[in-house]
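Below, each chain spelled out in residue letters.
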Amino acid sequence: MRLAILGAGGHGAVIADSAEGRGWTVNFFDDSRAGAFVDWEITGTSSQLLEQVEHFDGVIVGIGANAVRLEWLARLRDAGATFATIIDRTAVVSRHAKIGQACFLAAGSIVNISACIEDGCIINTGTTVDHDCHVAEGVHLSPGVHLSGGVNIGRASWLGTGTVVRNNITVGDNVIAGVGSAITKDIASSQIVVGVPARPFKGV
Ligand SMILES: CC(=O)SCCNC(=O)CCNC(=O)[C@H](O)C(C)(C)COP(=O)(O)OP(=O)(O)OC[C@H]1O[C@@H](n2cnc3c(N)ncnc32)[C@H](O)[C@@H]1OP(=O)(O)O
């Protein structure tokens, strides 16, 4: 099975590592580097991937930035890509959970019963998504995030490393939660929050 990963960076390499553990042969495409990359050779650019997309059994975008990842997923879908969801062999996913297309579930992640992960999400290392959660498309749950039961995370939101969320909370679209946040109340869309409990981020 041939996998194309768009984006030869740290996140792409983590996906490749998990994908090989699942029997995929990895091909990287990237616009800003060529030649050798970790244990692989970069096959070509994003334009070349768009031209060759039908030659791959699966395609995934290895770009952490949510808006950029979603934009590329749309372009690849229009080009006729078949998306792959890569679930590391050490991840635990309930057979009663729903996982969308072009998602990555990293090592040690857990998705429990009746959870729903929409397309293009990253459930990063050691992150847990408990029962009845809904994670909208293009969300990134960074390493060590813990969603209690019944949590809703809106489109393209990014929860930083170690964020924890109380049960039955709704986080809007395009929210950023800084590392170590504890989200105890609903968060409106397009907010940046940090802290314990999480409050609006004032910046510098
Ligand atoms: C495998 C992977 O690596 S996946 C990627 C995981 N990465 C993450 O989770 C990173 C998430 N990003 C963050 O937490 C960032 O700090 C952000 C988005 C909240 C803020 O970033 P910036 O706007 O660049 O803020 P900056 O770093 O300049 O910090 C400004 C101030 O806020 C403080 N601050 C930054 N983040 C936090 C936080 N999470 N909690 C409390 N305070 C914070 C800083 O200490 C600094 O305080 P100071 O002015 O007293 O020195």
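Residues numbered from 1 in each chain as written. Predicted model: local features only at pLDDT ≥ 70, side-chain atom pairs only at ≥ 80, totals over all residues. Heavy atoms only, no water.

**Here's the deal with the pattern of salt bridges**
Here comes step 1: Scanning the model with the defined rule gives 2 salt bridges in all.
Here comes step 2: Arg-77 is paired through a salt bridge with Asp-119; the nearest N and O atoms lie 3.6 Å apart. Within this pair, whereas Arg-77 is found in helix H3 (residues 66–78), its partner Asp-119 is found in the loop between strand E11 (116–117) and strand E12 (122–123), the two being separated by 42 residues in sequence.
Here comes step 3: Notably, a salt bridge pairs Glu-137 with Arg-155, separated by 2.8 Å at the nearest N-O pair. Taken together, the positions of Glu-137 in the loop between strand E14 (134–135) and strand E15 (140–141) and Arg-155 in the loop between strand E17 (152–153) and strand E18 (158–159) put the pair 18 residues apart, joining distant regions of the chain.
Here comes step 4: For Glu-137, a relative accessible area of 25% gives the class partly exposed. (Salt bridge = Lys/Arg side-chain N within 4 Å of Asp/Glu carboxyl O. Helix = DSSP H or I, 4+ residues; strand = E, 2+ residues; numbered from the N terminus. Buried < 20%, exposed > 50% of the residue type's maximum accessible area, 1.4 Å probe, protein only.)

**Re the site of the ligand**
Here comes step 1: Close to the ligand lie 11 residues; Gly-160, Thr-161, Gly-178, Val-179 and Phe-201 are nearest.
Here comes step 2: A distance of 2.8 Å separates an oxygen atom of the ligand from a polar atom in the backbone of Val-179.
Here comes step 3: Relative to its free-state accessible area of 990 Å², the ligand is covered by the protein chains to the extent of 43%.
Here comes step 4: Taken together, the residues that form the shell around the ligand break down as 6 nonpolar, 5 polar and no charged. (Near = heavy atom within 4 Å. Polar contact = N/O pair within 3.5 Å; in protein donor to acceptor, adjacent residues only side chain to side chain. Areas by Shrake-Rupley, 256 points an atom, 1.4 Å probe, with all protein chains shown as cover. Nonpolar A, V, L, I, M, F, W, Y, C, P; charged D, E, K, R; others polar.)

**Some words on the UniProt feature "domain: PglD N-terminal" (unreviewed entry) in the protein**
Here comes step 1: Following the UniProt record, one finds the feature "domain: PglD N-terminal" (unreviewed entry) at residues 2–76.
Here comes step 2: End C-alpha atoms of residues 2–76 are separated by 16 Å, and the span's content is 40% helix alongside 28% strand. (UniProt positions renumbered as here; feature names shortened; annotations may be inferred.)

**Digging into the environment of Gln-191**
Here comes step 1: Locating Gln-191 in the fold gives a position in the loop between strand E22 (182–183) and strand E23 (192–194).
Here comes step 2: Its relative accessible area of 31% is what places Gln-191 among the partly exposed residues.
Here comes step 3: The contacts of Gln-191, once residues within four sequence positions are left out, are Asn-174, Val-175 and Ile-176. (Contact = heavy atoms within 4.5 Å.)

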